[in-house]
Amino acid sequence: MFTLAPAIFMVLWDYFFGGVNLYTALAVLSLGTARITVNLTAYTIGGERAYKTFESLLSTPIGTGALFLGKGLLALLFSLIISVLAVLLVLVVSVFIGGTALLSPDQWLVLAAGLLFSLLMTYVTGLSTMLMKKPRQGLYVAAVLSFLAAAPALAVWLLPGSPMLWALGSLILLLTADLLLAVFIHRKISREQLMRCI
């Protein structure tokens, strides 16, 4: 369903407003991939806590950064596959309704920003589901934050100035946030802290 949503949204945009708007399709795609990442990551980590297997997982020699990334890797891979399929479908539909068969450079950057946001949501979801009293509370927090995934596409499309500048700024901001959060998790979150959350 997430694969079809951006193309369907683009067709509806053409029907109601006329013309092809790839930014709206990219915003919908970013929302979808962020939701996939949030749900899959929350359920893999929350499942460990719910089934009382988290303690045995923490007894392995895996670092906390690797644990977070490993739990979110399936979600990130799934988001990447969905993104590739959805973009191909959007471009095919775009040709049929009179648009272009190529994304502009700023649209490619928006697509990359959406994937970086999914990585960010992997860390945020992992932290919130591990550190909150109930894993479901962490899912709720991450689900609300996942709606920010559309911000890069909407900023590039709606804000005045150079779309390329907004896209590049979004990409740099998300890359910085990803790196800072990864370093924070790797250096500041210890096994002892995670064990107290069980």
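Quantities reported herein were computed from a predicted structural model and do not represent experimental measurements. (Residues numbered from 1 in each chain as written. Predicted model: local features only at pLDDT ≥ 70, side-chain atom pairs only at ≥ 80, totals over all residues. Heavy atoms only, no water.)

Undergrad: Any chance you could break down the packing of helix α4 (residues 64-96) against helix α5 (residues 105-131) for me, citing the residues and the numbers?
TA: The contact between α4 and α5 brings their axes to 10 Å, and the two run at 150°. As judged from the angle between their axes, α4 and α5 are roughly antiparallel. In terms of crossing hand, the pair formed by α4 and α5 is right-handed. Of the residues in α5, those in contact with Leu 67, Phe 68, Leu 69, Gly 72, Leu 76, Ser 79, Leu 80, Ser 83 and Val 87 of α4 are Leu 111, Leu 115, Ser 118, Leu 119, Thr 122, Tyr 123, Gly 126, Leu 127 and Met 130. Looking at the contact of α4 with α5 residue by residue, the class counts come to 12 nonpolar, six polar and no charged. (Axes fitted to C-alpha atoms, helices over the stretch in contact; angles between N-to-C directions. Helix = DSSP H or I, 4+ residues; strand = E, 2+ residues; numbered from the N terminus. Parallel < 35°, antiparallel > 145°, perpendicular 65-115°, else oblique. Left-handed = near helix turned anticlockwise from the far one by under 90°. Contact = heavy atoms within 4.5 Å. Nonpolar A, V, L, I, M, F, W, Y, C, P; charged D, E, K, R; others polar.)

Undergrad: Now, about the packing of aromatic side chains: what can you tell me, with residues and values included?
TA: Inspection of the entire model under this criterion finds three aromatic pairs. Arranged with centres 4.5 Å apart and planes meeting at 45°, the rings of Trp 13 and Phe 17 form a pair that is tilted. Residue Trp 13 and its partner Phe 17 are located together in helix α1 (residues 5-17), separated by four residues, close to a single helical turn. Judged by relative accessible area, which is 59%, Phe 17 ranks as exposed. Here Trp 13 and Trp 157 contribute two aromatic rings whose centre-to-centre distance is 5.3 Å and whose plane-to-plane angle is 75°, an arrangement assigned as edge-to-face. One end of the pair, Trp 13, is in helix α1; the other, Trp 157, is in helix α7 (residues 151-158), and 144 residues separate them in sequence. Note on Trp 157: relative accessible area 29%, which makes it partly exposed. (Phe/Tyr/Trp six-rings, centres within 6.5 Å; stacked < 30°, edge-to-face > 60°. Buried < 20%, exposed > 50% of the residue type's maximum accessible area, 1.4 Å probe, protein only.)

Undergrad: Go over α5 with me, naming the residues and quoting the values.
TA: Here α5 spans 39 Å end to end across 27 residues, near enough to the 39 Å set by a 1.5 Å rise per residue. Counting buried positions along α5 yields 21 of 27 residues, so the element is predominantly enclosed. (Expected span 1.5 Å × (residues − 1).)

Undergrad: I'd like a rundown of the side chain of Lys 71, residues and numbers included.
TA: Inspection of the secondary structure assignment puts Lys 71 in helix α4. Excluding its chain neighbours within four sequence positions, the residues that come into contact with Lys 71 are Thr 44, Ile 45, Glu 48 and Leu 57.

Undergrad: Any details on the nonpolar core? Residues and values, ideally.
TA: Counting 50 residues, the largest nonpolar core has Leu 29, Phe 54, Leu 67, Phe 117, Met 130, Leu 181 and Leu 194 as the members making the most contacts within it. Going through the elements one at a time, α1, α2 (22-50), α3 (54-58), α4, α5, α6 (135-145), α7 and α8 (163-188) are the ones with two or more residues in this core. Not counting chain neighbours up to four residues away, the residues in contact with Leu 67 comprise Phe 54, Leu 57, Leu 58, Ile 62, Met 130 and Leu 194. (Core = buried A, V, L, I, M, F, W, Y, C linked by side-chain atoms within 4.5 Å.)

Undergrad: I'd like a rundown of α2, residues and numbers included.
TA: Relative to the 42 Å expected for 29 residues at 1.5 Å per residue, α2 spans 41 Å between its end C-alpha atoms, a close match to the ideal helical length. For α2, the side-chain oxygen to backbone nitrogen distance between the N-cap and Tyr 23 is 3.0 Å, and the N-cap itself is Asn 21. Where α2 ends, the next residue or the one after it, Lys 52, has phi of about 60°, a positive value. (Polar contact = N/O pair within 3.5 Å; in protein donor to acceptor, adjacent residues only side chain to side chain.)

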